[in-house]
Amino acid sequence: MTDSKYFTTTKKGEIFELKAELNSDKKEKKKEAVKKVIASMTVGKDVSALFPDVVNCMQTDNLELKKLVYLYLMNYAKSQPDMAIMAVNTFVKDCEDPNPLIRALAVRTMGCIRVDKITEYLCEPLRKCLKDEDPYVRKTAAVCVAKLHDINAQLVEDQGFLDTLKDLISDSNPMVVANAVAALSEIAESHPSSNLLDLNPQSINKLLTALNECTEWGQIFILDCLANYMPKDDREAQSICERVTPRLSHANSAVVLSAVKVLMKFMEMLSKDLDYYGTLLKKLAPPLVTLLSAEPELQYVALRNINLIVQKRPEILKHEMKVFFVKYNDPIYVKLEKLDIMIRLASQANIAQVLAELKEYATEVDVDFVRKAVRAIGRCAIKVEQSAERCVSTLLDLIQTKVNYVVQEAIVVIKDIFRKYPNKYESVIATLCENLDSLDEPEARAAMIWIVGEYAERIDNADELLESFLEGFHDESTQVQLQLLTAIVKLFLKKPTETQELVQQVLSLATQDSDNPDLRDRGYIYWRLLSTDPVAAKEVVLAEKPLISEETDLIEPTLLDELICYIGTLASVYHKPPSAFVEGSRGIVHKSLPPRTGSSESAESPDAAPSGAPPSEQPAVIPTQGDLLGDLLNLDLGPPVSGPPVATSSVQMGAVDLLGGGLDSLMGGTGFTAPSAVMPANLGPPPSGGLGDLFDLAGGVGTLSGSHVAPKTVWLPAMKAKGLEISGTFSRQVGAISMDLLLTNKALQVMSDFAIQFNRNSFGLAPAAPLQIHAPLAPNQTVEISLPLNTVGSVMKMDPLNNLQVAVKNNIDVFYFSTLYPLHILFVEDGKMERQMFLATWKDIPNENEAQFQIKDCPLSADAVSSKLQGSNIFTVAKRNVEGQDMLYQSLKLTNGIWVLAELRIQPGSPSFTLSLKCRAPEVSHYVYQAYETILKN
């Protein structure tokens, strides 16, 4: 009969019966009883009451019974630590049993019992097992050391187990070596600073010898360990590669990927002139191709890894294009990944083949796949110049199919082709215009509007086309509205006489009727440009556009190098470094490829540049969503584009006469005037905060509008200060901090001789001048004073950090009160950090200094948030959009020189933001978060 019978009984009083059976003298009965206990435990019943009875059954020679008892013990030792100590003697005895299986079983169970009290009793048995004559016991004991280290690291170090583990690397049995390596790697990961795996050529030689004889998982441990080794020269790297290469033909895909990782890493050190380098490239292709004949899930993992390998060394798979052609029964995730790799491998030699394939994919039924295929045709045109013409005609054929989503994708990619090859394919614009009515997706509409605006002079009815979009302006998405605004301004600059009304209409829609700050600001900029200096407007709006680069979705080079070191792990599937998705990733060391050896190629090969200096020939890269901070730097680090110098006189004129005829020169005297609601024709000095103040053009040097000021609150009630009531708030204007006070005399006598003093505080705040109240304060009289403050007073850490204790004296008495100042009054004006500096500092500050907060009920857009915070000296260093979320990277600096870096994650449409703060003084973070809350919600 099978063991299923143990799971079917559910009698009452069962525990009592089991107790009796466990104490029976008959061995068979005992074994049956333990099986029933384990069955009950497995289905979730609490059988911990039987602990002493089960433990008594440990004294047996029967291996099956012993295994069952040990299983029970592992489960309940944590909840019954005092009882578990009873079992220690048996463990100690079992570790000396003549049967190696029992010795190994005892040591394995000891490692699984995670009870502090017991660990010290286990040291002696473990020490014996580590030196046991049987390799099975030694390999089990090696893993037990790693488990014990997890429970009590100090104990393992004091007992010298780590040195014993290191000795096991030289063991004669390959499985013992593999487990010792696995245990040391595990311990080293949680303690990156300890140099446990101190590898040298001798130990590497032993590992390579063991590699041929151990199990597949042992091989993976050893290969992963080899990947962390840095050979001393290219000869050693070549010798290791030669001994690892046979692993490429292993049946287990994990072993293959681990071997590929070692080879990819050590190839960095080999000169490309070597014959061996070429041989190695040839050997790497077949195993990668073989991985693609596995089941879809494995294929996907292989494809994600191949994607990285192809970006690093496309030459490995350049002749294997056919294996990436999509099969009809591939799941969608495999299809999309194959498509991506096809484009990366596309070259002049195989482009005809690729295009024929892509054209076929574009007639499939799967909409996502078709879209990606049409985009892929566009990417091929940009990548392989010789194929551009063929790609464009393929796209035109697809447009003729009139399938809505195909047409829209085709228009989006044709826009990019126009950018890459100006003045070559514009003859197709007429065909595109025929499909205007069918466009309903924002990206396609925006692309079409861009094309119409950019080539307005070639399209006779450009104004009518753009006007047709303008009718539903407010229903369009922001992307389309912005594109439409720019296109109409371009059209106006090209055909000023015919489109004056159109441009006036769009500017008024964008500035008056829109509540989107991006749109409004762009509208005002164009308005002001057109009205002050039409020539400058032409140079800015119709400037030469930079050509787009061939590969816009390459992974940023330093990130790619790091990911190559993680081939075969989750990081290579996510295309993100482990620090981006592992919780509590303090133990993660950033890996990088070894520097290339000095070979003759360094002069001409872009790959030969050391990882520090990016080679000039590499295509410009738009970072992917992999490393979020990824490279902020790549966003726009080019030299600033020098625009036309703006003459001050015309700027002054613009501020006074915003649209009162500044365009006449452009239009031959047609009076082009602003809608009066926005700006009267003759302004005089611009009102503060109005349009005139938008760019501080009138005032020469801009005055800061100042940070957020909270309303005054009562700090010292009259009851506590013999009739003197003090209300106040703090403010920061143009770099100066002040305490704004309201003193009210609610007593019956006159008050005079006022003075104020602060206690020592966290940031050294102190009055910069005496409290000056010129006339005595009569009963029921109120006086308002602004007391200037500085931060050069004595410093003492307060709790809370922003607590300020104040003493106020007058002719009646001295009164004391304390108040909390908002931290943003201490944010200085030069708190905007350089982008490279920001990235370096963010990486440099340890992860444990990072704090995360939620800001709720704040329905603002990213741009509104950015401008609001800038008013209080929180500066946006860079902005990115990652998976539909806006990420703002911000910096601020406190008066005492402490920098705080922030990452603000905004999900459009959601009123909750996630704020991550990093700072070398983490105690400041909570108060900075309070400042964010205060500023954003007021």
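Criteria and thresholds
Residues numbered from 1 in each chain as written. Predicted model: local features only at pLDDT ≥ 70, side-chain atom pairs only at ≥ 80, totals over all residues. Heavy atoms only, no water. Helix = DSSP H or I, 4+ residues; strand = E, 2+ residues; numbered from the N terminus. Contact = heavy atoms within 4.5 Å. Areas by Shrake-Rupley, 256 points an atom, 1.4 Å probe, with all protein chains shown as cover. Pairing = 2+ DSSP bridges. Axes fitted to C-alpha atoms, helices over the stretch in contact; angles between N-to-C directions. Core = buried A, V, L, I, M, F, W, Y, C linked by side-chain atoms within 4.5 Å. Buried < 20%, exposed > 50% of the residue type's maximum accessible area, 1.4 Å probe, protein only. Patch = residues over 30% accessible without salt bridge, like charges linked within 9 Å, V, L, I, M, F, W, Y side chains within 5 Å. Salt bridge = Lys/Arg side-chain N within 4 Å of Asp/Glu carboxyl O. Lys, Arg positive; Asp, Glu negative; His and termini not counted. Charge placed at Lys NZ, Arg CZ, Asp CG, Glu CD. Left-handed = near helix turned anticlockwise from the far one by under 90°. Nonpolar A, V, L, I, M, F, W, Y, C, P; charged D, E, K, R; others polar. Arc of directions from axis to C-beta. Parallel < 35°, antiparallel > 145°, perpendicular 65-115°, else oblique. Phe/Tyr/Trp six-rings, centres within 6.5 Å; stacked < 30°, edge-to-face > 60°. pLDDT = per-residue confidence, 0-100. Polar contact = N/O pair within 3.5 Å; in protein donor to acceptor, adjacent residues only side chain to side chain.

Trainee: Hey, could you run me through the overall build of the protein in this one?
Mentor: Looking only at helices and strands, the protein features 37 helices and 13 strands. Sequence separation of at least 24 residues holds for 67% of the intrachain contacts in the protein that already meet a minimum separation of 6. When the accessible surface of the protein is summed, it comes to about 43100 Å², and 52% of that surface belongs to carbon and sulfur atoms.

Trainee: What should I look at first to understand the pairing of strand β6 (residues 782-790) in this one?
Mentor: The side chains of a regular strand alternate between the sheet's two faces. Across eight bridges, the pairing between strand β3 (residues 736-745) and β6 is antiparallel. Within the sheet, the bridge partner assigned to L743 lies in β6 and is V783. Two strands pair when backbone bridges link them, and strand β5 (residues 766-767) and β6 are joined in this way by two bridges, in the antiparallel orientation. From the neighbouring strand, A766 faces β6, where its bridge partner is N790.

Trainee: Please explain the sheet that holds strand β10 (residues 875-882) as it appears in this structure.
Mentor: In any sheet, the strands associate via hydrogen bonds between backbone groups, in a parallel or an antiparallel arrangement. The sheet built from five strands is open, its strands ordered β9-β13-β12-β11-β10 with antiparallel pairing. The open sheet is flanked by β9 (850-855) and β10, the only strands paired with a single partner. Adjacent strand axes in the sheet meet at a mean angle of 20 degrees when their direction is disregarded. In this structure, β9 lies alongside strand β13 (residues 913-919), joined through six bridges in antiparallel fashion. By the bridge assignment for β13, F853 is matched with L915. Its contacts with the sheet place helix α35 (residues 835-844) against β9, β10, β11 (885-893), β12 (899-906) and β13, and it is angled at close to 95 degrees to β12. Seen against the sheet, helix α36 (residues 862-870) touches β10, β11, β12 and β13 and runs at an angle of roughly 5 degrees to β11.

Trainee: Explanation requested: the sheet that holds strand β4 (residues 755-758) in the structure shown.
Mentor: In spatial order, the strands read β4-β7-β8; together these three strands make up an open sheet with antiparallel pairing. Every other strand in the sheet has two partners, leaving β4 and β8 (814-820) as the edge strands with one partner each. The mean inter-strand angle of the sheet, taken between neighbouring strand axes irrespective of direction, is 25 degrees. Relative to β8, strand β7 (residues 803-809) is paired through seven bridges, and the arrangement is antiparallel. Pairing of N803 across the sheet is with L820, part of β8.

Trainee: Would you explain the nonpolar core in this entry?
Mentor: It is characteristic of soluble globular proteins that their nonpolar side chains tend to be buried jointly. By size, the foremost hydrophobic cluster in this structure holds 215 residues, and its most contacted members are Y72, V244 and F418. Residues L765, I785, A862 and A931 belong to the second largest nonpolar core, which totals 62 residues.

Trainee: Any chance you could explain a negative patch on the surface here in plain terms?
Mentor: Together, E464, E467, E471 and E501 make up a region of like negative charge exposed at the surface. Of note, E464 is situated in helix α26 (residues 462-470).

Trainee: Looking at this structure, how should I read the packing of helix α9 (residues 135-151) against helix α11 (residues 161-168)?
Mentor: For any two helices packed against each other, the geometry comes down to the angle between their axes and how far apart the axes lie. Remark: α9 packs on α11, axes separated minimally by 11 Å, with the N-to-C direction vectors making an angle of 145 degrees. Here α9 runs over α11; the crossing is left-handed. In this structure, α9 contributes R138, A142, V145, L148 and H149 to the contact, and α11 contributes F161, L162, L165 and L168. Broken down by class, the residue content of the contact of α9 with α11 amounts to seven nonpolar, one polar and one charged.

Trainee: Would you mind showing me how to read helix α30 (residues 534-541) here?
Mentor: Structural remark: α-helix, 3.6 residues per turn; residues separated by three or four positions point the same way. Those residues of α30 lying buried are P534, A536, A537 and V541. One face of α30 carries all of its buried residues, which in axial projection span an arc of 155 degrees.

Trainee: Teacher, can you tell me more about unusual backbone geometry here?
Mentor: Of all residues except glycine, most have a negative phi; of all peptide bonds, most are trans. Residues D799 and P800 are joined by a peptide bond in cis, for which omega reads -5 degrees. In this structure, P800 sits in the loop between β6 and β7. Here D857, not a glycine, exhibits a phi torsion of approximately 55 degrees, which is positive. As for its position among the elements, D857 is in the loop between β9 and α36.

Trainee: What exactly am I supposed to notice about the environment of L869 here?
Mentor: Along the chain, L869 turns up in helix α36. Residue classification places L869 among the buried residues on the basis of a relative accessible area of 0%. C-alpha separation for the pair L869 and Y932, spaced 63 residues apart in sequence, amounts to 7.6 Å.

Trainee: Help me out: how do you make sense of the pattern of salt bridges in this one?
Mentor: Proximity of charged atoms lets side chains of opposite charge pair with each other. Scanning the model with the defined rule gives 35 salt bridges in all. Note that D94 is salt-bridged to K66, the shortest N-O span being 3.0 Å. Residue D94 is located in helix α6 (residues 88-94), and its partner K66 is located in helix α4 (residues 63-76); the two are separated by 28 residues in the primary sequence. Neither residue differs from the other here; D94 and K66 are each classed as buried. Between D132 and R103 there is a salt bridge; the shortest N-O distance is 2.7 Å.

Trainee: Whenever I open this one, the packing of α11 against helix α12 (residues 174-190) confuses me. Can you help?
Mentor: Running from amino to carboxyl end, α11 crosses α12 at an angle of 140 degrees, the nearest separation of the two axes being 8 Å. Between α11 and α12, the angle falls in the class oblique. Crossing hand, α11 versus α12: left-handed. Of α12, the residues touching α11 (which contributes L162, L165, K166 and L168) are V176, V177, A180, A183, L184 and I187. When the residues that make up the contact of α11 with α12 are grouped by side-chain class, the tally is nine nonpolar, no polar and one charged.

Trainee: I tried to follow the packing of aromatic side chains on my own but got confused; where do I start?
Mentor: Each aromatic ring pair is characterised by the separation of its centres together with the angle its planes make. Scanning the model with the defined rule gives eleven aromatic pairs in all. When the ring of W715 is compared with that of F730, the centres are 5.2 Å apart and the planes differ by 35 degrees; the resulting orientation is tilted. Of this pair, W715 sits in strand β1 (residues 713-716) while F730 is found in strand β2 (residues 724-733), placing the two residues 15 residues apart along the sequence. One exposure class covers both W715 and F730, and it is buried.

Trainee: I'm lost on the side chain of S40 in this one. Help?
Mentor: Relative to the elements of secondary structure, S40 occurs in helix α2 (residues 27-42). The class for S40 is buried, based on a relative accessible area of 6%. What S40 contacts, discounting residues up to four positions off in sequence, is K45 and V47.

Trainee: Is there a simple way to think about helix α13 (residues 201-211) in this case?
Mentor: Among the residues of α13, those classed as buried are S203, I204, L207, L208, A210 and L211. The buried residues of α13 all sit within an arc of 160 degrees when viewed along its axis, so they share a single face. Where α13 is buried, its residues touch α12, α14 (216-227) and α15 (234-244).

Trainee: Is there a simple way to explain the environment of V156 in this structure?
Mentor: Looking at the element boundaries, V156 is found in helix α10 (residues 153-158). Along the chain, V156 and A146 lie ten residues apart, while their C-alpha atoms are 8.9 Å from each other. Leave out the neighbours within four places in its chain, and V156 touches V145, L148, H149, F161 and L162.

Trainee: In this structure, what is going on with the confidence of the model for the protein? I would like to understand it.
Mentor: Atom-level detail of predicted coordinates should not be read off regions where pLDDT is low. Looking at the protein, pLDDT values average 80 and 85% of them are 70 or higher. Low confidence marks residues 598-704, where pLDDT is under 50. Its contacts with residues over four positions away, or in another chain, come to 169 contacts.

Trainee: Just to check I follow, could you spell out the side chain of Q890 for this structure?
Mentor: Turning to its location among the elements, Q890 is positioned in strand β11. Polar contacts involving the side chain of Q890 include one to the side chain of Y932, which spans 2.8 Å. The contact partners of Q890, leaving out residues within four places of it in the chain, are F838, S866, L869, I874, F875, T876, V877, V900, L901, A902, L904 and Y932.

Trainee: Just checking my understanding: could you explain the environment of L355 for this structure?
Mentor: Positionally, L355 belongs in helix α20 (residues 351-361). We classify L355 as buried; its relative accessible area is 4%. Taking the C-alpha atoms as reference points, L355 and T394, separated by 39 residues in sequence, lie 8.2 Å from one another. Once residues within four sequence positions are removed from consideration, L355 is found in contact with I377, R390 and C391.

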